[in-house]
Amino acid sequence: MEVTDVGNREEGRVWHRKPGPGKGLLVTLVRSDQQSRTVRFLHVAFGTTGDSFLAGDHRGNIYMVDVGRNRFRLVQRTGQACTALAFNLRRSTEFLVALADYTIKCFDKDTKQMVSWMRGHEGAVSFISVHSSGRSAISTSSDTAQLWDLDTFQRKRKLSVRQSVGIQRVFFLPLSNTILSCFSDDSIFAWESDTLSCQYQLPVPDSGPKISYRAFAVTPDGKSLVAGGRSNLIHLWCLDSQKLVRVIQMPTQVRAVRQLEFLPDTFDRGASQTLGVLSQDGVMRFIDVQTCKLLFHLGSPDIAISTAAVSPNGRHMAAVMDNGSINVYSIHSLTQEFHKLPSTQVAVVSEDEDDRELSKPKVRVRSDLVEKSAKRSGRQSQAKIPTGFPVEDKENQQAAGLSKKRLVSLLEAFGEYPAKYRMFLWRSLLCLPENYTAYSSLTEKGPHSAFLALHNKYPIKSHKLQRCLQRVLSALAHWAAVFGEVDYLPLVAFPFVKLFQNNPLLCFEMLATVIGGAVNWCQHWFEYFPNPPLNILAMVENVLAHHDRKLLQHLVSCGVTSQVYAWPLLETLFSEVLTRDEWLRLFDSVFSNHPAFLLMACVAYVTCCRQLLLKSTQKRDFEYFFRHRNTMDMRNMIKEAYRIMDSTPADIHPKNMLSDFTPLTRGQYPVFNHYPEFLVEYQRRKREEMQLIEMRHLCEREELAGPRAHFMQRKAEEEAFYTQEMLQEAEERRRAQEEERLAADQDLDVRRTELEAQRRRLEQKKKKKHLLMEQERLDREVEHEVATAMERSAGEKNDTDL
């Protein structure tokens, strides 16, 4: 077997060495990111040719895998996980993807462009059926089914049902214009696709267990329909005669059917006889519907199959495994050795008692288990299961050799159960009945009024986990009224919800067994409601006094009561002080022992921390200590709990004061009324009164919202009007100021011009005066020079005369 890691590559080879002939498993496709973490594949869908298929992972990446050409290619990044795929449209390059935001998108695999975006669903789309022409499609969610025109991508019709009846599957029949709709009440109707007129209703057996159909398959010729659900029975109808022709009982390992797929055969003209049945254990068994022979199987409980798709040409099958990988099988290699046997009317697939291996089945055929009943008014004749038909519910039976005594011995040897099988072993130890009908009747009542605002008091980052917690708490409150008033119930339920968030039924029954049972681990807890269970805390204190009186005296001297050191551990079931692994190891022992072991574990936790507790003296330190995680050797604590369980005297031993474990009853959950009903009823009325007052205030606010909105609108309009007037006045003032400024500037320019002219006149006058003065000075100098010259000449003349 070759394993191909797609990684972050956008294209590459599916396998590097071509698988040899006769190999059933061709290749295993896995995807890991840059941190070497596995990216899980969720869905696969084959195209019309059957040689290529689409695969979508939980990060929104869509890959096209071409087995014939040995290539894979990344064709789209949607950014969110897909819930359904369809790859058989009229335009072969286009495909449909249903996303987690309840929308459907159409992409082109060659151009990688989005072609259309279809909205309208209010829930996750679980299935997309495309008509054989490729021009129409039907998308199915839990509350509605919608018919789309794939040429215009417009919604043509919408099928809605009553809230109490959900839709399981709506799909086209091959080679016809008939639509089959299957509802949660096991009714199956056929409709004409153009007019949506009802053609017929398929008969369902009146007697026998309720199967609750979940899986459907139609032969390629569109003449036969099979359906299965929460049972090991499979019903086969002939659509031509509209009759139930066969009831097939699968082996005892099959307790619920998750998926059905016919294997197309080239030579049978579409009347396929080989049916693949995927059961709850992750094994897909292939049987011949005529001979009821178990031909072969794929997968195992260790390597389980999550979902599978078969190519239209019957050459390949792609299976998405529980670990997130995809196994690609060659159907020819798997089926080449089988020979078909003569058909029988009705048969039961069973196994020999001496050989229960899947690889060596021995089939016992019974043809006397179906008899036709007389025609009833308004209904056609149906197949009836007689009283000799083994109709008991097989889903909850424990495996052979899985006894509590043997499990306890394994737990004592290894200290914990294997993580891989822990949930299964817990279900077996608690004998969970899996009452689907009873649980559905509780969930159909909707969210309980006490938990409508749960997200405000207990906010959780994961919206899925928040919804699951609200759903489980609401079911508990609908079952027993006291659980709607217990303020610490979310703390008790949260670790179980986190473990079983993908299976709310098991989560509910686990909690109902632990805290709801009158004789289980939380027995006598609600007798002093709304106060803590003083009787239970007194048992813990008595046991602690016997095993560590010095520590108890220290706690008493510090003012620390059992409501401080014991009740925080019990009301959270140790989830606040232990890590996930430590909590799981502890409850391996809790579920394997008497309910008193939980109290012994509480005492063991206190005694194992005695050194730290003896050093503390402040009450707030003790309160913090028992609400937060501390360093703890889990192995020593569990060993100490067993020692206290064995060495506690009988007169104070809680085991003699508490009843032994009693599982839930099958069919209906028992009545739980071990609490003061008048107090619960009083609190319920007070809460409802507060809710009514709040609702009244909300209604008054809504009533005042209209006039207030009108007033605010008028006020806004008036403010806008006044603002506009103020703006206009400001603009006028600005313009006036601008004009004044311009006028002042003009006056200033005139004044400046006048001053400049005056300055020039003064300068000219000053210059003229200066010239006159200069001329006078020159005249004086000339006169002085003349006078001087005359005196000199006169003196010279006198000298000459002498």
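Predicted model only: the values in this text are computed from it and were never measured.

Visitor: I tried to follow the layout of surface pockets on my own but got confused; where do I start?
Guide: Any space left empty among the atoms is revealed by the rolling of a water-sized probe across them. The computed volume of the second largest pocket comes to approximately 510 Å³. As for the second largest pocket, its lining consists of 18 residues, and the residues nearest its centre are F494, P495, K498, S575 and R629. Those elements giving two or more residues to the lining of the second largest pocket turn out to be α7 (489-499) and α13 (580-592). Top element by residues in the lining of the second largest pocket is α7. It accounts for six residues.

Visitor: Just checking my understanding: could you explain the packing of α13 against helix α14 (residues 597-608) for this structure?
Guide: When two helices pack together, their arrangement is captured by the angle between the axes and the distance separating the axes. The geometry of α13 relative to α14 is characterised by a closest axis approach of 9 Å and an angle of 140 degrees between their N-to-C directions. Taken together, the axes of α13 and α14 are oblique relative to one another. On α14, the residues touching L586, F587, S589 and V590 of α13 are F597, L598 and A601. Among the residues making up the contact of α13 with α14, the classes are represented as six nonpolar, one polar and no charged.

Visitor: Looking at this structure, how should I read the sheet that holds strand β1 (residues 2-5)?
Guide: In sheet architecture, strand pairing relies on hydrogen bonds along the backbone and comes in two forms, parallel and antiparallel. Read from one edge of the open sheet, five strands run β1-β3-β30-β29-β28, paired in mixed fashion. Two strands in the sheet have a free side with no partner beyond their single neighbour: β1 and β28 (305-310). Each adjacent strand pair in this sheet contributes to an overall mean axis angle of 20 degrees, direction not counted. For β1 and strand β3 (residues 25-30), the ladder comprises four bridges, and the chain directions are parallel. By the bridge assignment, E2 is partnered in β3 with V27.

Visitor: Help me out: how do you make sense of helix α17 (residues 634-647) in this one?
Guide: One full turn of an α-helix is made of 3.6 residues, so residues set three or four places apart face in the same direction. Across its 14 residues, α17 extends 20 Å between first and last C-alpha, which sits within 8% of the 20 Å expected from 1.5 Å per residue. Check the buried side of α17 and you find it contacts α9 (534-547), α13 and α14. Structurally, the start of α17 carries an N-cap: the backbone nitrogen of R635 is 3.3 Å from a side-chain oxygen of D633.

Visitor: Before we go on, may I ask you to explain the packing of aromatic side chains in this structure?
Guide: How two aromatic rings sit relative to each other is set out by the distance from centre to centre and by the angle between their planes. If you walk through the whole model with that rule in mind, you get 34 aromatic pairs. Between F46 and F53, the ring centres sit 5.2 Å apart and the planes meet at 50 degrees, which makes this aromatic pair tilted. Assessed through its relative accessible area of 8%, F46 is described here as buried. When the ring of Y439 is compared with that of F508, the centres are 5.4 Å apart and the planes differ by 45 degrees; the resulting orientation is tilted. Note that Y439 is positioned in helix α4 (residues 436-443) and F508 in helix α8 (residues 504-516), a separation of 69 residues in sequence. Taking relative accessible area as the criterion, F508 reaches 0% and is therefore assigned buried. An aromatic cluster is defined as three or more aromatic residues linked by ring pairs; in this entry it consists of W426, F496, W521, W583, F587, F591 and F661. Cation over ring: K105 sits above W117, and NZ or CZ is 4.3 Å from the ring centre. If you follow R169 out to its NZ or CZ, it ends over the ring of F127, 4.2 Å from the centre.

Visitor: How should I be thinking about the sheet that holds strand β13 (residues 136-140) in this particular structure?
Guide: Sheet architecture is open: four strands sit in the order β12-β13-β14-β15, paired in antiparallel fashion. Every interior strand has two partners, whereas the edge strands, β12 (127-130) and β15 (154-160), have only one. Averaged over neighbouring strand pairs, the angle between their axes works out to 20 degrees when direction is ignored. Here β12 pairs with β13 via four bridges, running antiparallel. Pairing of F127 across the sheet is with T140, part of β13.

Visitor: What exactly am I supposed to notice about unusual backbone geometry here?
Guide: Residues apart from glycine generally show negative phi values, whereas peptide bonds are mostly found in trans. P530 follows F529 through a cis peptide bond whose omega is 10 degrees. Residue placement: P530 occurs in the loop between α8 and α9. Although it is not a glycine, S212 sits at a positive phi angle of roughly 60 degrees. Along the chain, the position of S212 falls in the loop between β19 (198-201) and β20 (213-218). You can call S212 buried: its relative accessible area is 9%.

Visitor: Explain the confidence of the model for the chain to me, please; I cannot follow it from the model alone.
Guide: The predicted coordinates should not be examined in detail at positions where pLDDT is low. Per-residue pLDDT for the chain averages 84, and the proportion of residues at 70 or more is 89%. Counted against residues more than four places away or in other chains, residues 339-348, with its pLDDT under 50, gives 35 contacts. Throughout residues 350-401 the model reports pLDDT below 50, and contacts reaching past four residues in sequence, or to other chains, amount to 99 contacts.

About the criteria used
- Residues numbered from 1 in each chain as written.
- Predicted model: local features only at pLDDT ≥ 70, side-chain atom pairs only at ≥ 80, totals over all residues.
- Heavy atoms only, no water.
- 1 Å grid on protein atoms, 1.4 Å probe; cavity = no way out; pocket = protein on both sides within 12 Å on 5 of 7 lines; lining within 4 Å.
- Points joined across faces, edges and corners; volume = space filled by probe spheres on them.
- Helix = DSSP H or I, 4+ residues; strand = E, 2+ residues; numbered from the N terminus.
- Axes fitted to C-alpha atoms, helices over the stretch in contact; angles between N-to-C directions.
- Parallel < 35°, antiparallel > 145°, perpendicular 65-115°, else oblique.
- Contact = heavy atoms within 4.5 Å.
- Nonpolar A, V, L, I, M, F, W, Y, C, P; charged D, E, K, R; others polar.
- Pairing = 2+ DSSP bridges.
- Expected span 1.5 Å × (residues − 1).
- Polar contact = N/O pair within 3.5 Å; in protein donor to acceptor, adjacent residues only side chain to side chain.
- Phe/Tyr/Trp six-rings, centres within 6.5 Å; stacked < 30°, edge-to-face > 60°.
- Buried < 20%, exposed > 50% of the residue type's maximum accessible area, 1.4 Å probe, protein only.
- Lys NZ or Arg CZ within 6 Å of the ring centre and 35° of its normal.
- pLDDT = per-residue confidence, 0-100.

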